[in-house]
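# Coordinate inspection notes
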Amino acid sequence: MSVPPETSERAEPSRSVGENALHLLTVALARAWQALLWERLWPVLATIAVGAGIFLTVSWAGFWVLLPPIGRIIGLALFGFILLASLIPALWLQLPRTADALRRLDHTSGLDHRPATAITDRLATRADDPVADALWRAHLARAAEVARNLRAGWPRPHLAARDPYAIRALVLLAVVTTFFMAEGERMKRITAAFDWTGMIAPRLYRVDAWVTPPAYTGRPPVLLPGIRHDQPAPGETAAISVPTGSELVVRATGLRSIDLALTGGLVEEVNDPPAGVAPGSIERRFRIGDHGSISVRGLPAGSVSWGFRAVSDHTPVITHTRDPQIVGRSSLSLSYRIEDDYGVVSAEARFTHQPESALEGAPAPRPLVAPPDFSLALPQARTRTGVGQTTKDLNEHPWAGATVTIVLAARDEAGNEGTSAPLEILLPERPFTKPPARALIEQRRILAFDAHAREHISRALAALMLAPEHFTPEPAVYLGLRTVATRLKLAKTDDDLRSVIDYLWEIAVLIEDGTISDAERELRAAQDALRQALERGANEDEIRRLTDKLRQALDRFMQALAEQLRRDGTTDARPLDRNARIIRPQDLKNMLDRIENLARSGSRDAARRLLDELQAMLDGLSRKRQARGDPNSGDMDGMLDELGRMIQEQQRLRDRTYRQGRDSQGERRNRDPQQDMNERERRNFGNLQQNQENLRRQLERMLEQLQRQGQGGAEDSDDRGIGREAGEALGRAEQAMRDAEGALGEGDADNAVEGQGRALRNLRSGAQSLAESMGDGSGNEPGEPGGPQAEAAERTDPLGRPVRSREYGDDFTVKVPDEIDVQRARRVLEELRRRLGEPDRPRLELDYLERLLRGF
């Protein structure tokens, strides 16, 4: 059965009408599904919102602030239970299905025959039945006509049935009210619910840090602001200045790890775990090489940052306080000033020699002997600023008598070295009066500076042996010259040449001194041994042993000296005047006893100075002994005796002039001041004038004799300085005598006494210079009795301890603790830090330990 044409024509519009109905159904169906979802979800959200509103109301009302910690915990637990209970319906919440949405559309729209469901239905019979198909299309067309009237309706969650008392409205009202009540403190009142301090024990921890400067700086450790569990972190702190090379230690207690951030010149040291760290503590060490900072992060109390400014160690400064001086016979005395920021630990004197220009084609000089460099004594163990003095005997060194350049060098413990300005000096040497001895010493010095000069030395030795009956009448001396010439000829190595240099010295001393040189050499060796022991701080037993050895050497030297005097048939000359001092053997022994007592009491510097004075006195004896071998010594002794008599005569003449002036003033008071002197006064002043003139003429003759002697022995005069300083002083004395002579002629006693006083002072000064130049040893040279150093050494307090004075270069700086004191202080600091890192100790004790460390 075929479908009629008109039926087919009406079927096309029916299909089109069905598609529009499906679109309308889809839109309505989505609205219905959303309404169903809101009806199921809103009761759950409302319950949660009511619980949150009650919590906000309680918080903003200040309820948590009034409750103790236990009450806050209970309240939070109750609200937590309410929250969990309100979330239980959400677990059973199901999304609406399409069928549920269709039913809601049919029910809400109120239309007959379920149009929404009908549109979505399908034909249950076969699709090839035209009758059924026509009926189905008619059914869809009717449903499509009513699809425009489908309504999803508003959601109806039925909260009134769930909350018949409108509690939700009361909660909303309370939230709004308390919101305005807690203005400015809303978050604070909410977080108060979670403040359970006192109920839950906090995690105990602390982070400490300190900076330990290098030991040589002498500066104490610096304690940095730390972090504690019960205090807020200090944050970024101001940078502190520390010496370069300081060690930074960061120690954490009660933490499993520590987060550190480094910037700048901080380098971590990887070493074994240090001893003394409490179990459970973390310690990390860093070396501060330049400016930088370190930060501790990630701690509950906050973070802290420490900044550092590295201060570099300055180079030491050492300068001469005065030009090098010759002390005694051949000792070099150096006075110097040392300055450093942290202290000098060593100093030395360095010498260089500039050889003379060699001839063209000649080999360069090859020195055999090292320069006589020696260590300098420091005013204290680590000298920051102070004045020091060192005396070194260069008697036997081959460089003695040469022109050299001296440089003083000072070094601190960090290795920095500072030097003084170069200074050209003439090294002191022992004076030899006998020509063969002087010639040997000169050749010895030439060989020491140049090994290539051995041929020249050989020719000089051969020249000395040409006429042994004139130059070397003693067989021992001649055999010694022959031996040294042979050894020089057979020398193959530099060591052989150095042995020749030493042997030349022995032959020269033998020619000059004879057998006494052995005793003198032993005495000098004992002095050097005691001086070195004092400089290195030897114990009392060693000081006592070396002092006894020096006593024995001194006794043997004095015996040998006395034996030589008896053999030569000479005696000691009497002192120049009553102000001079006689050196007796007992004086030397008393000085040794005093040196030992000073060293035993800890005054090592005073003991060294006294030892230098003893050496200067013995050098004076040696110079006096050598002066007797000088051909001109007899004339000089005569001049000294004559000067002594002139000094005494000038003193008596001055006393007479003073008495005459006093008597003349008494007589003038009893007569007219306009009258001249009477006859008796003129006669007395005339006698005084004549005596003064005779004394002046006597001094003029002495000056002429001294001038002739200086011209006749120019070489000796230059070497020994005879006549120059003495002549100047005596010339001033002669002029003062002329002035006094003129004043006496006019009857002016006051000016005459003044001129005679000047003449007396210059006479004594000239006699002093003459005695020193010829080695008399009676003058007040540095280190001898009556000299400045003797006065400094003799100044003591009532307990016998030496009194220091700036006049003699003593240092007044604060004494730096020695190594034992520094180590003890560091052990105490480490023990305090270890106890501070133990959190089990009482809080009162920990606070006390922290105050100790901050004030250390």
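Residues numbered from 1 in each chain as written. Predicted model: local features only at pLDDT ≥ 70, side-chain atom pairs only at ≥ 80, totals over all residues. Heavy atoms only, no water.

## Brief notes about the overall build of the protein chain
In terms of regular secondary structure, the protein chain is built from 26 helices and 16 strands. Counting over 856 residues, the protein chain shows a buried share of 42%. Long-range contacts, defined as pairs at least 24 residues apart, comprise 74% of the intrachain contacts of the protein chain with a sequence gap of at least 6. (Helix = DSSP H or I, 4+ residues; strand = E, 2+ residues; numbered from the N terminus. Buried < 20%, exposed > 50% of the residue type's maximum accessible area, 1.4 Å probe, protein only. Contact = heavy atoms within 4.5 Å.)

## So, the pattern of salt bridges
A full pass over the atoms with the stated rule returns 28 salt bridges. Residue Glu247 pairs with Arg285 through a salt bridge whose shortest N-O separation is 3.0 Å. Note that Glu247 is positioned in strand β5 (residues 246-253) and Arg285 in strand β7 (residues 281-299), a separation of 38 residues in sequence. Side by side, Glu247 and Arg285 carry an identical accessibility label, which is buried. Several salt bridges share partner residues, and in doing so they unite Arg696, Glu700, Glu734, Arg738 and Glu741 into one network. (Salt bridge = Lys/Arg side-chain N within 4 Å of Asp/Glu carboxyl O.)

## Brief notes about the packing of helix α10 (residues 435-449) against helix α14 (residues 494-513)
Closest axis-to-axis distance for the α10/α14 pair is 9 Å, and the angle between their directions is 165°. Comparing their axes, α14 and α10 come out roughly antiparallel. Of the two possible hands of crossing, α10 and α14 adopt the one that is left-handed. Counting all contacts with α10, which are made through Pro436, Ala437, Leu440, Ile441, Arg444, Leu447 and Ala448, the residues of α14 involved are Leu497, Val500, Ile501, Leu504, Trp505, Ile507, Ala508, Ile511 and Glu512. Taken together, the residues of the contact of α10 with α14 sort by class into 14 nonpolar, no polar and two charged. (Axes fitted to C-alpha atoms, helices over the stretch in contact; angles between N-to-C directions. Parallel < 35°, antiparallel > 145°, perpendicular 65-115°, else oblique. Left-handed = near helix turned anticlockwise from the far one by under 90°. Nonpolar A, V, L, I, M, F, W, Y, C, P; charged D, E, K, R; others polar.)

## Considerations on the environment of Tyr478
Note on placement: Tyr478 falls in helix α13 (residues 475-490). By relative accessible area, Tyr478 is classed as partly exposed at 23%. Once the C-alpha coordinates of Tyr478 and Pro468 are considered, the two residues, ten residues apart in sequence, prove to be 6.8 Å apart.

## Some points on the nonpolar core
Residues Leu334, Phe351, Leu376, Leu440 and Leu461 are the most contacted members of the largest nonpolar core, which totals 52 residues. Those elements that provide at least two residues to this core are β11 (331-352), β14 (403-412), α10, α11 (454-464), α13 and α14. For this core, the leading source of residues is α14, giving ten residues. Contacts of Leu440, omitting those with residues within four sequence positions, involve Leu461, Leu464, Leu481, Leu504, Ile507, Ala508 and Ile511. In this structure, Leu523, Ala526, Phe557 and Leu588 belong to the second largest nonpolar core, which totals 26 residues. (Core = buried A, V, L, I, M, F, W, Y, C linked by side-chain atoms within 4.5 Å.)

## What to know about the pairing of strand β8 (residues 302-311)
Pairing analysis gives two bridges linking strand β3 (residues 235-236) to β8, with the strands arranged parallel. Paired with Gly235 across the strands is Val304, a residue of β8. With four bridges connecting them, strand β4 (residues 240-243) and β8 associate as parallel partners. Counterpart to Val242 in the pairing with β8 is Ala310. (Pairing = 2+ DSSP bridges.)

## Focus on a nonpolar patch on the surface
A cluster of nonpolar residues, Leu172, Val176, Phe179 and Phe180, forms a patch on the protein surface that exposes about 400 Å² of accessible area. If you trace the backbone, Leu172 turns up in helix α8 (residues 167-181). Given a relative accessible area of 56%, Leu172 falls into the exposed group. (Patch = residues over 30% accessible without salt bridge, like charges linked within 9 Å, V, L, I, M, F, W, Y side chains within 5 Å. Areas by Shrake-Rupley, 256 points an atom, 1.4 Å probe, with all protein chains shown as cover.)

## Some details on the environment of Val404
Topologically, Val404 is positioned in strand β14. Along the primary structure Val404 and Leu427 are separated by 23 residues, whereas in three dimensions their C-alpha atoms are 7.1 Å apart.

## Thoughts on the side chain of Ser333
Within the fold, Ser333 resides in strand β11. Engagement of the side chain of Ser333 in a polar contact is seen with the side chain of Gln389, the distance being 3.0 Å. In contact with Ser333, other than residues within four places in its own chain, are Arg322, Pro324, Gln325, Val327, Gln389, Thr390 and Thr391. (Polar contact = N/O pair within 3.5 Å; in protein donor to acceptor, adjacent residues only side chain to side chain.)

## Things to note about the packing of α10 against α11
Viewed as axis vectors pointing N to C, α10 and α11 meet at an angle of 170°, and their least axial separation amounts to 9 Å. Considering their axes alone, α10 and α11 lie roughly antiparallel with respect to each other. In this structure, α10 uses Ala439, Leu440, Gln443, Ile446 and Leu447 to contact α11, whose residues at the interface are Arg454, His456, Ile457, Ala460, Leu461 and Leu464. Here the contact of α10 with α11 is composed, by residue class, of eight nonpolar, two polar and one charged.

## Some words on helix α3 (residues 69-91)
When the terminal C-alpha atoms of α3 are compared, their 33 Å separation across 23 residues agrees well with the 33 Å that a helix rising 1.5 Å per residue should span. Buried residues of α3: Gly71, Arg72, Gly75, Leu76, Phe79 and Ser86, and no others. (Expected span 1.5 Å × (residues − 1).)

## Looking at the packing of aromatic side chains
Working definition: an aromatic ring pair is given by the centre-to-centre distance plus the angle between the planes. As enumerated under the stated definition, the model contains eleven aromatic pairs in all. Considering the side-chain rings of Phe179 and Phe180, the 5.4 Å spacing of their centres and the 90° angle between planes classify their relative orientation as edge-to-face. The partly exposed category is assigned to Phe179, whose relative accessible area is 32%. What makes Phe180 exposed here is its relative accessible area of 60%. Summarising the aromatic geometry, the rings of Trp399 and Phe449 are spaced 5.2 Å apart at their centres and angled 55° between planes, so their arrangement reads as tilted. Here the residue Trp399 occupies a position in the loop between β13 (383-393) and β14, and Phe449 occupies one in helix α10, the gap between them amounting to 50 residues. The pair Trp399 / Phe449 is uniform in exposure class, with both members buried. Through successive ring pairs, a cluster of aromatic residues spans Phe55, Phe63, Trp64 and Phe79. (Phe/Tyr/Trp six-rings, centres within 6.5 Å; stacked < 30°, edge-to-face > 60°.)

## A short note on the confidence of the model for the protein chain
Averaged over every residue, the pLDDT of the protein chain is 76; residues scoring 70 or more account for 76%. This stretch, residues 571-580, has a pLDDT under 50; its non-local contacts, to residues over four places away or in other chains, come to 15 contacts. Scored below 50 in pLDDT, residues 775-820 shows 87 contacts in the model against residues more than four places distant or in partner chains. (pLDDT = per-residue confidence, 0-100.)

## What about the environment of Ala101?
Structurally, Ala101 can be placed in helix α4 (residues 98-109). On the basis of relative accessibility, which here comes to 1%, the residue Ala101 falls in the buried class. Sequence separation of Ala101 and Trp33 is 68 residues, and the distance between their C-alpha atoms is 5.2 Å. Excluding its chain neighbours within four sequence positions, the residues that come into contact with Ala101 are Leu29, Ala32, Trp33 and Leu36.

## Brief notes about the side chain of Asp412
Relative to the helices and strands, Asp412 resides in strand β14. An unpaired buried charge is present at Asp412: no salt bridge exists, and Arg411, the closest side chain of opposite charge, is 7.1 Å distant. When neighbours within four sequence positions are excluded, Asp412 is seen to be in contact with Asp313, His314, Pro316, Asp340, Gly343, Val344 and Val345. (Lys, Arg positive; Asp, Glu negative; His and termini not counted.)

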